[in-house]
Amino acid sequence: MSPRNTPPRHRHGDGPTDEQILDSLGVSQELDRRMGGFGNYAISTSVICVLAGCMTLFGFGLTTGGPSVMLWGWALIGGATLLVALALAEVTSAVPTAGGPYTMAEKLGGPRWGWATGWFNLLGLIGAICGVDFGAALFVGAFANLQWGIDPTPGVIFCIGACILVLHGVLNSFRVRVVEVLNQISVWWQLFGVVLIIAVLSLAPSHHQDASFVFTHFENGTGFGSPLYVCLIGLLLGGYTFCGYDASAHMSEETRNAAQEAPRAMVRAVWTSWIAGFALLAALLFAIQDYAGTVNTATGVPPAQIFLDVLGVTGAKALLLVVIVAQLFCGNAATAAAARMMYAFSRQGALPGSHIWRRVGKRSRTPVAAVWAAIALALVLALPSLYSPTAYAAVTAVNAIGMTPAYAIPIYLRLRQGDAFQPGPWHLGRWSRPIGYTAVGYVACITIIFCLPQAYPVTVETFNYAGITALVMGVLAWVTWKRRGRSDKYRVLPTLGTEDDHTALTRNVL
C-alpha cells in the first residue's frame, strides 16, 4: 500500500492505536476508519428501527395476545435484550473487528465455534436486509394504494422491494462517511417520527381507548386455546424487532476508539429503542378506533388503518411517508452491517469466491463487492414471496433465528473461559457473569419460542418455518465446515484467553 493510501493511525490517550489492537488480533486495517461514536450508535439504532419493527409487526401483535401482551411483552423482551447487549458489548470491547460475533467466537472458542457463528450471523443479516426492505415495500404499496389506487399484489411488492435493494446497494458503495451521515440523519428522523406519531395520535382522535384496554386487554386470534401459549407467541413482536444491534461491532474497524465506542453504542442503541418502542406502541393502541377493522384492513398494514381512521387519507399518507423513510434508513444500515460481515468472513477464506467478496474499493475503501453480494442474496431470499403468502414470515424467521443465537455463542464462550478471559477497556466487572448467564438463558428460551407454531390449525400456509430455518443453517454450517473450513483455504485467527500482545495493549487503554 502506498504512503498516500496508508490508513491513519488513531491513538487515544496513552493507549494503543486502533490499528495496533487489530494487529494484535491478527487482522490488518484495510477499511476507512473515520466513523465516530455517534455514527456507530446510529447504525445499530437504525437497524433496530422501531418505526420498522413495531409498525411491520403491529398486526401480528394484535392477534397474538393483543394490547396487554404487546406492551408488557415489549417491556420484558427489551429488558432481556439489554442484558444480551451488555454481555455482547463486553466481548466486543475485547475483539473489536468487522466480523462481530463470528470473530469473537473464533477468538474465544476456536475455528469451529467461529465457523458456526459466522454462518448463522451472516444468514441472519441477509434475512434482515430482505425483511426490512420488503417490509418497507409493503408500506410503499399501502401508500401507492392510497395515492394512486394501485393494487399491492405480490408482484408489485416484489418489484418495489427490488428497487429498494438496489438503492441500498448504490448508497453503500460510497465511502463510509456517506453511510455514517445517513445513519446520523436516521437517528434524528426516527426520533422525529416517533414523537410526531405519538403527538398526532394523542391530539387528533375524537376518541381514545381507555387505559384498561391498552394495558390489560387480551386478544387471541391464533386458534390456540391456551392463553399462556398465546402470550409466549406474542413476545415475538419484541423478539423480532430487537435484532441487529451487533451492527456496532461490524462497523468497529471503521470506528475511532472502537474498543470503547462500539460497546457503548451497542448498549445505548438497545435502551433508547426500548423506550421509544414502548411509547410508540402505546400511542398506536390508544388510537385504535375499530379493532376488527384495523386487523382486517384492506391496506394490508394495520397502522395505516389507524392513521386513516384518525386523520383521513391525506394525514395517513403523510405519516406513512415518515415511516417509509425510517424503514429505508433501516435497510441501508442493515446492508452496511451485512456487507462488513461478509467481507470479514471472506477475509479468512470462509466463503466460496472469498477472493472477490473481500475486495475493498480503491476509492471508497469499503467492501463494495460484499455489498452487492449481500443485495443479490437478499433478493434471492425474497423470491418465494411471489408465490407463498407465508414467505415474508419465513424471511423474518431467517433474520431472528440466525442473529439471536449468534449473539449468545460469544457470550457463552466468554463465560466458559472464566478468569482466563482478558476484557477490553469496556467491561462489566463483577456483573459480567450474572448478566452473561442470564443473557444466554434468555437467548435459549426466545430461540425455542421463535420455532413454536403461531396459528392453529397448522397448515402449509400457517406453518412456522423458523425451526426448519435453524436446521438448514446448522446443516449448511456443518457441510461447509467439512468441505472448506477444515481446508487450507480457511485462515484461522489465533485464539484469546491467555496473556498476549492484545491483552497488554488493551490493558493500557484502561
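Not measured: the values here are computed from a predicted model.

Looking at the overall build of the chain
When you go through the chain residue by residue, the secondary structure sums to 22 helices and two strands. Relative to its length of 510 residues, the chain is compact, with a C-alpha radius of gyration of 22 Å against a globular reference of 24 Å. Reported as C-alpha extents along the three principal axes, the dimensions of the chain are approximately 65 × 45 × 45 Å. Put simply, of all contacts in the chain between residues at least 6 apart along the chain, 83% involve residues at least 24 apart. Summing over all exposed atoms, the chain offers an accessible surface of approximately 19,000 Å²; the carbon and sulfur share of this is 65%. The centroid of the 31 positive side-chain charges in the chain is displaced by 10 Å from the centroid of its 25 negative side-chain charges.

Some words on the pattern of salt bridges
Overall, the coordinates contain 11 salt bridges when judged by the stated rule. Here Asp 32 ties to Arg 175 by a salt bridge, and the two come within 2.7 Å at their closest N and O atoms. A residue pair is termed long-range when its members are at least 10 positions apart, and Asp 32 in the loop between α1 (18–24) and α2 (37–48) and Arg 175 in the loop between α8 (154–171) and α9 (176–203) qualify at 143 residues. The class of Arg 175 is partly exposed, set by a relative accessible area of 31%.

Considerations on empty space enclosed by the protein
Following the criterion strictly, the structure yields five cavities of 30 Å³ or more and no others. Taken as a whole, the largest cavity spans an internal volume of roughly 260 Å³. Taken together, 21 residues form the lining of the largest cavity, with Gly 53, Gly 131, Val 132, Tyr 240 and Asn 399 sitting closest to its centre. Every element with two or more residues in the lining of the largest cavity is listed here: α2, α3 (50–56), α7 (111–148), α12 (236–241) and α19 (391–417). Of the residues forming the lining of the largest cavity, the biggest block, five residues, is contributed by α19.

What counts, and at which threshold
- Residue positions within a chain follow its written sequence, with the count starting from 1.
- Local features in this predicted model are restricted to residues of pLDDT 70 or higher, and side-chain atom pairs are both shown and tallied only at a pLDDT of 80 or more, whereas totals for entire chains, interfaces and linings draw on every residue.
- Think of the side-chain values as coming from all heavy atoms in the structure, minus any hydrogens and water.
- Secondary structure counts use DSSP, requiring at least four H or I residues in a row for a helix and at least two E residues in a row for a strand, with both numbered from the N terminus.
- Restricting the calculation to C-alpha atoms gives the radius of gyration, and the globule rule supplies 2.2 Å times the number of residues raised to the power 0.38.
- By the convention used here, residues are in contact when the closest approach between their heavy atoms is within 4.5 Å.
- Every accessible area reported is derived by Shrake-Rupley at a probe size of 1.4 Å, with residue values counting cover from the shown protein chains alone.
- The charged-residue count follows a simple rule in which Lys and Arg add positive charge and Asp and Glu add negative charge, with His and chain termini not counted at all.
- By convention, the point assigned to a charge is CZ for Arg, NZ for Lys, CD for Glu and CG for Asp.
- Take a side-chain nitrogen of Lys or Arg and a carboxyl oxygen of Asp or Glu: if they are within 4 Å of each other, that pair is a salt bridge.
- Buried means the residue's accessible area, taken with a 1.4 Å probe over protein chains only, is under 20% of the maximum for its type, while exposed means over 50%, and partly exposed covers the values in between.
- For cavity detection a 1 Å grid was placed over the protein atoms alone, and a set of points counts as a cavity when a 1.4 Å probe fits there but cannot get out; an open set counts as a pocket when protein lies on both sides within 12 Å along at least five of seven lines, with lining residues being those that have an atom within 4 Å of a point.
- Grid points are joined across faces, edges and corners, and a volume is the space filled by probe spheres set on the points.

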